[in-house]
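Spelled out, the chains give:
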Amino acid sequence: MNEILRVNLLSPIALAFVLGVFARVIRSEFSLPKEIYQGLSIYLLWSLGLHGGAELAHSTFTEIARPAGVTLLIGCITPISAYLTLRYLGRFGEADSAGIAAHYGSVSAVTFIAASTFVKGMGAEPEGFMPTLLTLLESPGIHIALAIGVMRSGQKSRPTSELLHEVLTGRTMVLLVGGLIVGFLIGDKNWKVIEPFYDTKGAIFRGALCIFMLEMGLLAGSRLGDLKKVGPFLLAFGMIMPLVHGALGAWLGSLAGLSVGGATMLGAMAASASYIAAPPAVRMTLPDANPTYYLTLALAITFPFNVLVGIPIYYKLALMAHGVA
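Residues numbered from 1 in each chain as written. Predicted model: local features only at pLDDT ≥ 70, side-chain atom pairs only at ≥ 80, totals over all residues. Heavy atoms only, no water.

Overview of the overall build of the chain
Thought 1: Each helix and strand counted, the chain has 15 helices and 0 strands in total.
Thought 2: A compact globule built from 325 residues would reach a C-alpha radius of gyration of about 20 Å, and the chain, at 19 Å, matches this within 12%.
Thought 3: Considering the chain as a whole, with its 325 residues, one finds that 55% of them fall into the buried category.
Thought 4: Contacts in the chain between residues at least 24 apart in sequence constitute 88% of all its contacts with a sequence separation of at least 6.
Thought 5: Total accessible area on the chain is roughly 13,500 Å²; 66% of this is exposed by carbon and sulfur atoms.
Thought 6: A gap of 6 Å separates the mean positions of the 21 positive and 18 negative side-chain charges of the chain. (Helix = DSSP H or I, 4+ residues; strand = E, 2+ residues; numbered from the N terminus. Rg over C-alpha atoms; globule rule 2.2 N^0.38 Å. Buried < 20%, exposed > 50% of the residue type's maximum accessible area, 1.4 Å probe, protein only. Contact = heavy atoms within 4.5 Å. Areas by Shrake-Rupley, 256 points an atom, 1.4 Å probe, with all protein chains shown as cover. Lys, Arg positive; Asp, Glu negative; His and termini not counted. Charge placed at Lys NZ, Arg CZ, Asp CG, Glu CD.)

Spelled out as structure tokens, the structure:
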């Protein structure tokens with residue numbers, strides 16, 4: 001386990017993230033232009049969708065049915081478990097509990113990409129349809145948590161149709177789902193033409209990811225000052241809840257027939273917290289939820305924890321679930 005952690009912590013992705021945090025801590029003037037950050041995020045998500053669609057074309061319904069069912073089950077369990085923990089152990093209000101739970105019920109695409117890079121580096125090639133599971137996990141947890149918050153707090157909210165439109169037409173979903181469809185339809189011949197640029201195992205993709213992680217480190221570092229505001233319970237929640245959800249994802253993924261690499265990635269997905277799709281949905285539906293809580297938890301605690309420490313743990317758990325560790 002120590003060797004796995006060492007390999008991950010010394011990876012270019014992890015070190016780029018740490019450098020970004022350090023740059024913000026020492027108050028460096030360095031920052032990545034907004035246009036470059038947005039361009040990189042579009043490239044990474046589009047590549048993920050395209051490559052996943054190309055691989056999905058080679059998968060059968062039988063291969064993907066059980067993993068997809070397990071993924072949807074995880075999307076129902078994680079927001080409920082997060083809400084109950086916050087509401088009854090942490091004694092947080094309805095709005096804050098549901099708002100945070102929405103973030104932990106959804107998924108971080110960047111954590112997914114980091115997990116994919118890690119398992120491939122460990123020689124545990126995941127299933128090609130994993131981006132499909134990512135899209136399945138993106139939305140359900142948000143809506144379950146928001147529904148709980150609205151019903152329990154009695155707040156007025158926008159119509160469900162408007163909320164669904166907001167989430168399902170967001171940049172992440174358009175790029176992932178659209179990329180999956182395009183990648184699925186173009187066929188092997190057309191995919192081979194663009195593969196060098198969009199291959200998620202290639203040098204271009206990984207190089208872009210390193211720059212993107214540098215910016216993520218800057219963003220996380222900018223919220224370090226908020227850590228003292230969230231309190232010890234939320235600090236612990238931001239690290240323990242991912243471990244619980246990650247163990248569940250790795251175990252269920254293994255039961256569903258995923259490989260070690262695939263189970264690790266499902267564990268990382270279950271353990272992650274959204275900071276792209278969830279915040280606007282929570283802000284509009286549960287305006288009383290404190291952004292300091294859910295943004296700091298997702299971006300400054302859980303995301304670094306997963307990237308630096310969590311993913312190797314989920315890999316070890318997946319190995320154990322497969323009986324090879």
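Brief notes about the nonpolar core
Thought 1: The biggest cluster of nonpolar side chains holds 99 residues, and the ones touching the most others in it are I100, M213, M216 and M269.
Thought 2: For this core, the element with the highest residue contribution is helix α15 (residues 291-321), accounting for 15 residues. (Core = buried A, V, L, I, M, F, W, Y, C linked by side-chain atoms within 4.5 Å.)

Here's the deal with the confidence of the model for the chain
One rule of thumb: low pLDDT means the predicted coordinates there are not for detailed reading.
Thought 1: Put simply, the chain has an average pLDDT of 88, and 95% of its residues get 70 or more.
Thought 2: When mean pLDDT is taken per element in the chain, helix α13 (residues 260-271) scores highest with 97 and helix α9 (residues 160-168) scores lowest with 65. (pLDDT = per-residue confidence, 0-100.)

Observations concerning unusual backbone geometry
Among all residues save glycine, negative phi is the norm, and among peptide bonds the norm is trans.
Thought 1: Located in the positive-phi region is R27, a residue other than glycine, with phi close to 60 degrees.
Thought 2: Within the secondary structure, R27 sits in the loop between α2 (12-25) and α3 (34-56).
Thought 3: Given the relative accessible area of 77%, R27 is considered exposed.
Thought 4: A positive phi angle, near 60 degrees, is found at R91, a position not held by glycine.
Thought 5: Looking at the secondary structure, you find R91 in the loop between α4 (61-89) and α5 (94-105).

As for the pattern of salt bridges
Thought 1: Taken as a whole, this structure holds 5 salt bridges when the rule is applied.
Thought 2: Among the ionic pairs, K201 bridges to E125, the shortest N-O distance being 3.7 Å. Here the residue K201 occupies a position in the loop between α10 (171-198) and α11 (203-222), and E125 occupies one in the loop between α6 (109-121) and α7 (130-138), the gap between them amounting to 76 residues.
Thought 3: Exposure remark for E125: the relative accessible area of 43% places this residue in the partly exposed category. (Salt bridge = Lys/Arg side-chain N within 4 Å of Asp/Glu carboxyl O.)

Considering the packing of α2 against α11
Thought 1: Interaxial distance between α2 and α11 falls to 7 Å at its minimum, and their mutual angle equals 35 degrees. Here the hand of the crossing between α2 and α11 comes out right-handed. Contacts between α2 and α11 involve P12, I13, A16, F17, L19, G20, V21, A23 and R24 from the former and L209, C210, M213, L214, M216, G217, L218, A220, G221 and S222 from the latter.
Thought 2: Looking at the contact of α2 with α11 residue by residue, the classes come out as 14 nonpolar, 4 polar and 1 charged. (Axes fitted to C-alpha atoms, helices over the stretch in contact; angles between N-to-C directions. Left-handed = near helix turned anticlockwise from the far one by under 90°. Nonpolar A, V, L, I, M, F, W, Y, C, P; charged D, E, K, R; others polar.)

Side note on the environment of Y37
Thought 1: Structurally, Y37 can be placed in helix α3.
Thought 2: Remark: the alpha-carbon pair of Y37 and A68, spanning 31 residues in sequence, is separated by 31 Å.
Thought 3: The contact partners of Y37, leaving out residues within four places of it in the chain, are L32, F212, E215, M216 and L219.

Quick word on the layout of surface pockets
Thought 1: There is about 250 Å³ of room inside the largest pocket.
Thought 2: Every residue lining the largest pocket is counted, 15 residues in all, and those nearest its centre are S11, P12, I13, T117 and F118.
Thought 3: If you list the elements that add at least two residues to the lining of the largest pocket, you get α1 (2-9), α2, α6, α11 and α15.
Thought 4: A per-element tally of the lining of the largest pocket places α6 first, with 4 residues.
Thought 5: Split by residue class, the lining of the largest pocket holds 10 nonpolar, 4 polar and 1 charged. (1 Å grid on protein atoms, 1.4 Å probe; cavity = no way out; pocket = protein on both sides within 12 Å on 5 of 7 lines; lining within 4 Å. Points joined across faces, edges and corners; volume = space filled by probe spheres on them.)

Thoughts on a nonpolar patch on the surface
Thought 1: On the surface, a nonpolar cluster with roughly 460 Å² of combined accessible area is contributed by L19, F22, V25, I26 and L224.
Thought 2: With respect to the helices, strands and loops of the structure, L224 is situated in the loop between α11 and α12 (227-255). (Patch = residues over 30% accessible without salt bridge, like charges linked within 9 Å, V, L, I, M, F, W, Y side chains within 5 Å.)

Some points on the environment of A14
Thought 1: Looking at the element boundaries, A14 is found in helix α2.
Thought 2: Residue classification places A14 among the buried positions, given a relative accessible area of 2%.
Thought 3: In the structure, A14 is positioned 100 residues away from A114 in sequence and 8.7 Å away in space, judged by C-alpha atoms.

Description of the environment of I276
Thought 1: Mapped onto the fold, I276 is located in the loop between α13 and α14 (278-285).
Thought 2: A relative accessible area of 35% means that I276 is categorised as partly exposed.
Thought 3: Separated by 167 residues in sequence, I276 and A109 place their C-alpha atoms 8.9 Å apart.

Quick look at the packing of aromatic side chains
Thought 1: For the structure on display, the rule yields 11 aromatic pairs.
Thought 2: Relative to F233, the ring of F92 lies with its centre 6.0 Å away and its plane at 40 degrees, an arrangement referred to as tilted. Of the two residues, F92 sits in the loop between α4 and α5 while F233 sits in helix α12, which places them 141 residues apart along the sequence.
Thought 3: Using a relative accessible area of 31% as the deciding quantity, one classes F233 as partly exposed.
Thought 4: When the centroid spacing of 5.1 Å and the interplanar angle of 75 degrees are considered together, the rings of Y104 and F237 count as edge-to-face. Of the two residues, Y104 sits in helix α5 while F237 sits in helix α12, which places them 133 residues apart along the sequence. The same class applies to Y104 and to F237, which are both buried. (Phe/Tyr/Trp six-rings, centres within 6.5 Å; stacked < 30°, edge-to-face > 60°.)

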